[in-house]
Protein chains: 2
Amino acid sequence: MKNMGEEERDLEIEGGTMMMMEREDRDRDRDRDNRLGSDDSVSSKDSLRQPLLLLKNNRMNNTSQLAIIGANICPIESLDYEIVENDVFKQDWRSRTKVEIFQYVVLKWALALLIGLSTGLVGFFNNLAVENIAGFKLLLTNNLMLKKKYYQAFAALASCNMILAIAAAILCAYIAPAAAGSGIPEVKAYLNGVDSHSILAPSTLFVKIFGSIFGVAAGFVVGKEGPMVHTGACIANLLGQGGSQKYRLTWKWLRFFKNDRDRRDLITCGAAAGVAAAFRAPVGGVLFALEEAASWWRSALLWRTFFTTAVVAVVLRSFMELCRGGTCGLFGEGGLIMFDVNQAKPVYSTPDLLVVIFLGVVGGILGSIYNYLVDKVLRTYSIINERGPICKVLLVITISFLTSCCSFGLPWLSKCIPCPPNLGEQCPTIGRSGHYKNYQCPPNHYNDLASLFFTTNDDAIRNLFISGFDKEFHLSTLLIFFVAIYVLGIITYGIAVPSGLFIPVILAGASYGRLAGSLLRSFTVLDKGLFALLGAASFLGGTMRMTVSICVILLELTNDLLMLPLVMLVLLISKTVADSFNKGVYDQIVKMKGLPFMEAHAEPYMRHLVASDVVSGPLVTFSGVEKVGNIIHALRMTRHHGFPVIDEPPYSAAPELCGLVLRSHLLVLLKRKKFTKQKAMTGSTIMRNFKARDFAKPGLGKGLKLEDLDILEEEMEMYVDLHPITNSSPYTVVESMSLAKAAVLFRELGLRHLLVVPKTPGRPPIVGILTRHDFMPEHILGLYPHLDPHK
Amino acid sequence: MKNMGEEERDLEIEGGTMMMMEREDRDRDRDRDNRLGSDDSVSSKDSLRQPLLLLKNNRMNNTSQLAIIGANICPIESLDYEIVENDVFKQDWRSRTKVEIFQYVVLKWALALLIGLSTGLVGFFNNLAVENIAGFKLLLTNNLMLKKKYYQAFAALASCNMILAIAAAILCAYIAPAAAGSGIPEVKAYLNGVDSHSILAPSTLFVKIFGSIFGVAAGFVVGKEGPMVHTGACIANLLGQGGSQKYRLTWKWLRFFKNDRDRRDLITCGAAAGVAAAFRAPVGGVLFALEEAASWWRSALLWRTFFTTAVVAVVLRSFMELCRGGTCGLFGEGGLIMFDVNQAKPVYSTPDLLVVIFLGVVGGILGSIYNYLVDKVLRTYSIINERGPICKVLLVITISFLTSCCSFGLPWLSKCIPCPPNLGEQCPTIGRSGHYKNYQCPPNHYNDLASLFFTTNDDAIRNLFISGFDKEFHLSTLLIFFVAIYVLGIITYGIAVPSGLFIPVILAGASYGRLAGSLLRSFTVLDKGLFALLGAASFLGGTMRMTVSICVILLELTNDLLMLPLVMLVLLISKTVADSFNKGVYDQIVKMKGLPFMEAHAEPYMRHLVASDVVSGPLVTFSGVEKVGNIIHALRMTRHHGFPVIDEPPYSAAPELCGLVLRSHLLVLLKRKKFTKQKAMTGSTIMRNFKARDFAKPGLGKGLKLEDLDILEEEMEMYVDLHPITNSSPYTVVESMSLAKAAVLFRELGLRHLLVVPKTPGRPPIVGILTRHDFMPEHILGLYPHLDPHK
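Reading the values: the criteria
All residue numbers here refer to positions counted from 1 along the written sequence of the relevant chain. Chain letters start at A and ligand numbers start at 1, both assigned in the order the entries are written. Local features are withheld for residues below a pLDDT of 70 in this predicted model, meaning they are given only at 70 or higher, and side-chain atom pairs are given and counted only at 80 or more; totals for whole chains, interfaces and linings count all residues. Each side-chain value is derived from all of the structure's non-hydrogen atoms; neither hydrogens nor water enter the calculation. UniProt positions are given in the numbering used here, feature names are shortened, and annotations may be inferred rather than shown by experiment. Only runs of H or I of at least four residues qualify as helices and only runs of E of at least two qualify as strands under DSSP, and these elements are numbered from the N terminus. In this scheme, a residue with accessible area under 20% of its type's maximum is buried, one over 50% is exposed, and one in between is partly exposed, where area comes from a 1.4 Å probe on protein chains only. Note on contacts: a residue pair is in contact if any heavy atoms of the two residues lie within 4.5 Å. The Shrake-Rupley method, run with a 1.4 Å probe sphere, supplies the accessible areas, and residue values consider only the shown protein chains as cover. Only a pair of cysteine sulfur atoms within 2.5 Å qualifies as a disulfide here. Note on definitions: buried area is the accessible-area loss of two parts on being combined, 1.4 Å probe, summed for both. A pairing counts as a salt bridge when a side-chain nitrogen of Lys or Arg comes within 4 Å of a carboxyl oxygen of Asp or Glu. For the purposes of these results, a polar contact is taken to be a pair of N or O atoms within 3.5 Å, where, inside protein, one atom must be able to donate a hydrogen and its partner to accept one; residues adjacent in sequence count only when each atom of the pair is a side-chain atom. Three classes are used, and their members are as follows: Ala, Val, Leu, Ile, Met, Phe, Trp, Tyr, Cys and Pro are nonpolar, Asp, Glu, Lys and Arg are charged, and the others, Gly among them, are polar. Strand pairing requires that DSSP identify at least two bridges connecting the strands. Axis lines are fitted through C-alpha atoms, for helices just across the contact stretch, and the angle between N-to-C directions can take any value from 0 to 180 degrees. Exposure above 30% relative accessible area and the absence of a salt bridge qualify a residue for a patch, where like charges join within 9 Å and nonpolar side chains (Val, Leu, Ile, Met, Phe, Trp, Tyr) within 5 Å. For the purposes of this description, domain bounds are those given by an automatic or database domain assignment. The scheme is simple: roughly parallel for angles under 35 degrees, roughly antiparallel for over 145, roughly perpendicular for 65 to 115, oblique for anything else. Note on convention: the crossing is left-handed when the near helix lies turned anticlockwise from the far helix by less than a right angle, right-handed when the turn is clockwise. For the least-squares superposition of copies, only C-alpha atoms count, and only for residues with pLDDT at least 70 in both. The nonpolar core is taken to be a set of buried Ala, Val, Leu, Ile, Met, Phe, Trp, Tyr and Cys residues, with the residues joined through side-chain atoms within 4.5 Å. Here a pair means two rings of Phe, Tyr or Trp (six-membered ring of Trp) with centres within 6.5 Å. Their orientation is stacked below 30 degrees between planes, edge-to-face above 60, and tilted elsewhere. Comment: the charge-over-ring label is applied if NZ (Lys) or CZ (Arg) is within 6 Å of the ring centre and within 35 degrees of the ring normal.

Going by the annotation in an unreviewed UniProt entry, the name recorded for chain A is Chloride channel protein, with Senna tora given as the source organism. The annotation that UniProt attaches to chain A under Sequence similarities (unreviewed entry) is "Belongs to the chloride channel (TC 2.A.49) family."

**A look at the overall build of chain A**
Looking only at helices and strands, one finds 28 helices and 12 strands in chain A. Relative to its 791 residues, chain A shows a buried fraction of 65%. When contacts within chain A are restricted to residue pairs at least 6 apart in sequence, those whose partners lie at least 24 apart make up 79%. When the accessible area of chain A is evaluated, it comes to approximately 28,200 Å², of which 62% is carbon and sulfur surface.

**Here's the deal with the state of the cysteines**
Formally, a disulfide is one covalent bond, and it connects the sulfur atom of one cysteine to the sulfur atom of another. For the coordinates displayed, the defined rule picks out two disulfides over all chains. The side chain of Cys416 of chain A participates in a disulfide bridge whose partner is Cys441 of chain A; the two sulfur atoms lie 2.0 Å from each other. Judged by the sign of its S-S torsion, about -90°, the bond between Cys416 of chain A and Cys441 of chain A is left-handed. Taken together, the positions of Cys416 of chain A in strand S3 (residues 416-418) and Cys441 of chain A in the loop between S3 and strand S4 (445-447) put the pair 25 residues apart, joining distant regions of the chain. Cys416 of chain A gets classed as partly exposed once you look at its relative accessible area, which sits at 28%. In this structure Cys441 of chain A comes out as buried when scored by relative accessible area, which is 1%. Cysteine Cys234 of chain A remains unbridged, with the sulfur of Cys172 of chain A as its closest cysteine sulfur at 12 Å. With no disulfide of its own, Cys391 of chain B lies closest to Cys172 of chain B among cysteine sulfurs, the gap being 15 Å.

**Structural notes on the interface of chain B and chain A**
Across the boundary between the two partners, chain B contributes 71 residues, which contact 69 residues of chain A. Both faces considered, chain B and chain A share a buried interface measuring about 6,600 Å² in area, 69% of it formed by carbon and sulfur atoms. Inspection of the region where chain B meets chain A yields six salt bridges. Its salt-bridge partner being Lys759 of chain B, residue Glu656 of chain A comes within 4.0 Å of it at the nearest N-O pair. Applying the counting rule to chain B against chain A returns 16 residue pairs in polar contact (both at pLDDT 80 or more). Looking at the side of chain B that touches chain A, the elements with two or more residues in it are helix H4 (87-95), helix H11 (282-293), helix H12 (299-323), helix H20 (548-558), helix H21 (564-579), strand S8 (656-662), strand S10 (732-734) and helix H27 (739-748) of chain B. Element by element, the count of residues in the side of chain B that touches chain A is highest for H12 of chain B, at 10 residues. Residue classes in the side of chain B that touches chain A are distributed as 42 nonpolar, 14 polar and 15 charged.

**Some details on the sheet that holds strand S11 (residues 754-757) of chain A**
Residues and elements named next belong to chain A. Strands sit in the order S10-S11-S12 across an open sheet of three strands; the sheet is mixed. Lying at the two open borders of the sheet, with one neighbouring strand each, are strand S10 (732-734) and strand S12 (768-770). Strand-to-strand, the axes of this sheet are offset by a mean angle of 35°, without reference to chain direction. Where S10 lies against S11, three bridges are found, and the strand directions are parallel. Among the inter-strand pairings, Val734 is bridged to a residue of S11, identified as Val757.

**Brief notes about a nonpolar patch on the surface**
A cluster of nonpolar residues, Leu354, Ile357, Val361, Ile365, Ile369, Tyr372, Leu373 and Phe581 of chain A, forms a patch on the protein surface that exposes about 680 Å² of accessible area. Within the fold, Ile357 of chain A resides in helix H13 (residues 350-385).

**Observations concerning the domain arrangement of chain A**
All names here are of chain A. Split into domains, chain A comes out as domain 1 (110-324) and domain 2 (350-593). Look at where the C-alpha atoms of domain 1 and domain 2 centre, and you get two points 22 Å apart. Contacts between domain 1 and domain 2 engage 58 residues on the former and 56 residues on the latter. Of the roughly 4,900 Å² buried where domain 1 meets domain 2, counting both sides, 70% is carbon and sulfur surface. It is Phe220, Val221 and Phe279 in domain 1 that bury the most area against domain 2; as a group they hold 15% of the surface buried on that side. The tally of links from domain 1 across to domain 2 stands at three salt bridges.

**A few points about the packing of helix H7 (residues 184-192) of chain A against helix H10 (residues 260-279) of chain A**
Residue and element names in this part refer to chain A. Where H7 contacts H10, the two axes come as close as 10 Å, and the packing angle between them is 150°. Relative to H10, the element H7 lies roughly antiparallel. For the pair H7 and H10, the sense of crossing is left-handed. For the pair H7 and H10, the contacting residues are Val187, Tyr190 and Leu191 in the first and Arg263, Arg264, Ile267, Thr268 and Ala271 in the second. Class assignment for the residues of the contact of H7 with H10 results in five nonpolar, one polar and two charged.

**Here's the deal with the pairing of strand S7 (residues 642-647) of chain B**
All names here are of chain B. With respect to burial, S7 is a largely interior element, six of its six residues being buried. Side-chain alternation along S7 places Gly642, Pro644 and Ile646 on one buried face and Phe643, Val645 and Asp647 on a second face that is also buried. Summarising the sheet, strand S5 (residues 622-623) and S7 pair through two bridges and their orientation is parallel. Within S7, the residue paired with Ser623 across the bridge is Ile646. Examined bridge by bridge, S7 and S8 share six bridges and lie antiparallel to one another.

**Topic: the pattern of salt bridges**
Opposite charge on two side chains makes pairing possible when the charged atoms of those side chains draw close. Residue and element names in this part refer to chain A. This model, assessed by the stated rule, comprises 40 salt bridges over all chains. The partner of Lys583 in a salt bridge is Glu599, and the shortest N-O contact between them spans 3.7 Å. Of this pair, Lys583 sits in the loop between helix H21 (564-579) and helix H22 (585-592) while Glu599 sits in the loop between H22 and helix H23 (611-614), placing them 16 residues apart in sequence. Glu599 sits in the partly exposed class, given a relative accessible area of 29%. Each of Lys188, Glu292 and Asp587 takes part in one network of salt bridges that share partners.

**Things to note about helix H16 (residues 457-465) of chain A**
One turn of an α-helix holds 3.6 residues; hence residues three or four places apart share an orientation. Residues and elements named next belong to chain A. Burial within H16 is extensive, with eight of its nine residues counted as buried. Regarding H16, the residues found buried are Asn457, Asp458, Asp459, Ala460, Ile461, Asn463, Leu464 and Phe465. Here the buried face of H16 lies against helix H15 (450-453), helix H17 (475-492), helix H18 (502-519), helix H19 (528-544) and helix H20 (548-558).

**Digging into the relation of the copies chain B and chain A**
Least-squares fitting of chain B to chain A yields an RMSD of 0.0 Å, with the transformation described by 0.0 Å of translation along the axis and a rotation of 180°. Look at the turn and shift together and you get a two-fold axis relating the two. Of the interface residues in chain B, 97% have counterparts in chain A that sit at the interface too, so the contact is made through matching surfaces.

**Remarks on the UniProt feature "domain: CBS" (unreviewed entry) in chain A**
Feature annotation in UniProt assigns "domain: CBS" (unreviewed entry) to the following positions: residues 725-789 of chain A. Helix makes up 28% of residues 725-789 of chain A and strand 15%, whereas the separation of the span's terminal C-alpha atoms amounts to 41 Å.

**A few points about the nonpolar core**
Met544 of chain A together with Met544 of chain B are the most contacted members of the largest nonpolar core, which totals 306 residues. Among residues more than four places away in sequence, those in contact with Met544 of chain A are Glu292, Leu501, Phe502, Val505, Ile550, Val585 and Tyr586 of chain A. By size, the runner-up hydrophobic cluster in this structure holds 56 residues, among which are Ala602, Met737 and Leu749 of chain A together with Val615 of chain B.

**A word on the packing of aromatic side chains**
In total, this model carries 51 aromatic pairs over all chains according to the counting rule given. On the basis of an interplanar angle of 80° and a centroid distance of 5.3 Å, the ring pair of Tyr370 of chain A and Tyr486 of chain A is categorised as edge-to-face. Residue Tyr370 of chain A is found in helix H13, and its partner Tyr486 of chain A is found in helix H17; the two are separated by 116 residues along the sequence. For the ring pair Phe453 of chain B and Phe481 of chain B, a centre distance of 5.0 Å and an interplane angle of 70° mean the geometry is edge-to-face. With Phe453 of chain B in helix H15 (residues 450-453) and Phe481 of chain B in helix H17 (residues 475-492), the pair connects residues that are 28 residues apart, well separated along the chain. For the residue pair Phe453 of chain B and Phe481 of chain B, the accessibility class agrees, reading buried in each case. Its guanidinium or amino end placed over the ring of Trp93 of chain B, Arg607 of chain A lies 4.9 Å from that ring's centre, counting from NZ or CZ. We note Arg264 of chain B situated over the ring of Tyr81 of chain B; from NZ or CZ to the ring centre the distance is 4.2 Å.

Structural data, given as structure tokens:
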């Protein structure tokens, strides 16, 4: 029962969420007590077990089954970026032709092009749909308002919102729960090497696209940016797999990309394309992928990502050009640059800089409070959401009603303002967009709060960024809007709707900035629109903690390079201030979801430990030529994904480490049944029957399973040669290696298994395997509670 | 004599340049024949040698001395980014206080601030000086031209140019030869882990600053961009060292940064700051550092680099604000954005895109030809330059005279054009800048070729980028200018003057683009200024092969985000086209200089080899407690920088690998003379006497040398305990590890030594050490000539 207890402790560590680590290698230490007095007598930690011995142990049997059942809740799998250099791979590598290499390169670029095209198309479609649906809704309500039918207007608005919200929630709750939320944390975790269940599945893609359209059109304080990033990643995954295997849509010539490395590159491109499509910011997209999303980067990828985002930009531009004639319904007013604040000349002096610094400090504090509250709300919601899909939908309905009340009710607090004389524009505005909303006011008056609330989020931001003195907001207007959006943004994230965080943060930040600009009018000559931009920057820096990419995205959004130094300054300050309180919002969500994210640097306390301190031995190993029954039993009884292969006499003078064999490869090998009655090296026969592509890795949960094998009873006693599929070059560390250095090795090379070998001679050739889980702070600090986490 | 022969072959491989690899570990295999029949009898490759035995070998002795003499020509040293986790380090790590950690973080940012401030200041000073000197020169000549004194004008121009050129050449040839050229290849190599002699020394910094000012002011077709990057790196290095040790200017509190890791980060910041200062492009600077300069990157660095470039931007802006009143002489006309083409509206359709694609293809071809010719010219010049400083100066004089002839003589080929009527500006231009140069023309006429030649490079670019139809160039003008600049750019790079490649390439590209725009007028409606910009992009893509950073730099230079897709397209095409012919110009120069640059990816043929195939054993090892005499002899007789330490009975049951000890650490240990008469573990005594900072790494060639030790004869027979300074966690690979995977490990972790351990038990615990040199294609393909380099 000790094992049960351990199981529970781990669940607790992982944050009480829905997910659970598929503890692939942790249950190795379960039966440490039942060790055999074999010839490996040097240290109590270094013994090896034959799988047969392991199977005799009933306790182990029970525990493993428990782990298997437990893990079915929501599996997480580590990705493996190591190239498996086994004999089959080497045979293929030697025989590959120049045509194949050329084909691979061309396909890589063709895929990047396809990702760019599809993401651009989806981004355009998303914009088109949102503008038309939300536009229709606002026109309807506006017409009722003009006729002074206020109750009907509210009913129309609230019910439109509700229907759209329910549609989004049903899609999310019943078809693809993984599509809820921003998706950026999951993509970030994927690119770090953690694949969580169905996060990039076709159903998730479908729900993400339509859920996001419905959610944004429903008037929620959510953005389409996070979902677009997730959408881009899903598209990249789908294209890289050559379509969906489940729906039998696969292109065979994409077999080259069936491995985690190439998939990672494609998904990085997809994430960049998503940002590029959402913000129409191609350079910003590349930088976002680099700064926030990707954990590994190389120069070639920069170049390919850039190509993808360039394609997105061209696609978007062409379609918007098409729409310029008014053929796209209510869409087609914006250019490629979304918010144009170019009129304001940024001339500033020292007092202005002080004001900007102040703005950054307060923005940083407000941003970190935002993160803190989002975390609290998410934890509360996850309790509600766990009760089932119907609770999720009910929560969405509640928030939708609240949002409708705010956006319809709050503008009544604002006074009516007479239209300024000699105005170039129409006042009050008739129709959907424009600054001067008539709302409940008498003719020739307008309600400035309505021009923020009673519109789409994009238009509200555009209105806040407006420069010049003729379009002014009341102090109270800005204050009410700021508070409402700040609160709504926090309580909206976490409901079962695809919801980005960028737009809520930019909205709150821009209103905060404009408010601050109005309050500090006596100290500064800076334009209010500029203040709104700086406020948005400070909030983005305070919550998301990105710097370069946000800076570039804001520049591309506003097309104003001259304010670069000011934006940089405010971003740096707000990030620094906020970093002293808590982590960035995406990191926080990754942690909350229990995804085992590996940081780029080793934790300080890891320097006090060595590799063998955290490794969990003894482990299951195979002989170079192993009995089929042993393999089957080991696969059935453990959830390990990698098994060391040991060559023993007569194949070598003494036991020596031959390499590592993967579960997925073993399954493929066993499926073809190249067994022999006698224990013999039959590698060359096997090699003739396999190509490297037979071992290509399918997506999570799609490969061969143990149940797919039908091994006969007599075959269980036969032998199979594991050498051809054994990775003979696994990365190894000596057991006395500092844990910090082992962690750096593991992280930098993107490993899934790191073999620990003994230091002293005369011992068995392997001590244990380190996996991602062994480097998690929870695991290490659980084993060594006396360690100071910060030192 | 075999060793001599090998030495020569290697020199030849390294390209016939001045430099020579410090073959730290290659002379290990020299005495493979003279192996002893010791107990290590398993394989002929795996024997170990005691240093004493090694010293008995006279041939080895000779060879090593030869290597030492040979290496004095121009030493290159590998950098070591591995953290040396020895006992002394761990002791310090355990005892470090929160104050120290805080101090380190604050210092890191303070240094980034200082780098930004200094580089910004230098950048401003550079601009100020160039504009004033060149402006004075042009004014003088112009006045003589107005008086029709043509011969005097030519004499004035040519002699001004000559004097400035000679000043630059003398500085370069006599004070700091390392300051010649762009400097970007050397910085790139440094950030890859190769430190070449005095490349970041204070004298180099001094010459780079003033040489660049004189060189640019002398009218050479060179830019200040490359030199600014080098300057930024030098400043960072100087600040990181806490000033110059040579000139006794050091700040003690900067001791934290005396290691290669922190120095690398600082120099990355410096390089980014250099680009930011040169182009006034802060985001472009960060991206340049990421894409072209740095070999290692992490998110934290992005954030710090960004801070540095933001500081540069603020400094530049403030100073230029100061100069706006006309207090800076002839400087002060440009804003923060250098070239404003904002007037041209980029409206384009499909035929325009085809024209742009054509522009990109031809630009790519011309760019790769440019690289090819630069390489040829560089090789020719290096023969001339090797003959001594006086030859360098003479070469500079020749090129200077040629440049003066071109810039004065060629405008005579152009016809005089009558000034357009109803012009807002003055025509012909009086004074220094402006589009309409009178030159030799009658009043109210102007010479359009003179407006390109008879001005500074910056103004010429500005004139080429001008949009609209009123300021038109003749076809012949553009053709003459393009050919002249293309040729001058190629023959100027490589002379003993700090010379950037950006400006020549932009000039040639812009004139090519404008020319192409004029020729293709019937197919496209795009503006000529835009064509110039796209032409510049295509040339930059074709020569330097950067994409994202050039794109952003061009955007920041021109402040026109709307043409982003077009710039991207042309960059992608020209890079792709040029990549199929040859390498980027910086990579080419790195290779030509014989710097052992490690690519991020493993070469294909490495998969066919294993680590032990290229390792050069036997090697020099020490016992855990070693005789002082043995150490001294080993240090004297080899140039190795790392020695494996083997624990033997009685300190362990069997010989086992204890770790790796570095030459520099051994020298520090021996200097303090903590020796014992008996062979005994005295680690704790030593630990009390040392702190980690005693082993801090000084700059290249500045640490303790063997000659600084004064070990007495009786001390030679005493013992010293090496355990406290032995890095007990060196990275290791098994001898059967695929060489490709070993190369990835070596490169990704930034190692200097990678230990190869035996696979089979019962053998000595180390097979050899892999160093940077062992991964060089020349070395591997030299050992295995039958390997196909591309497969």
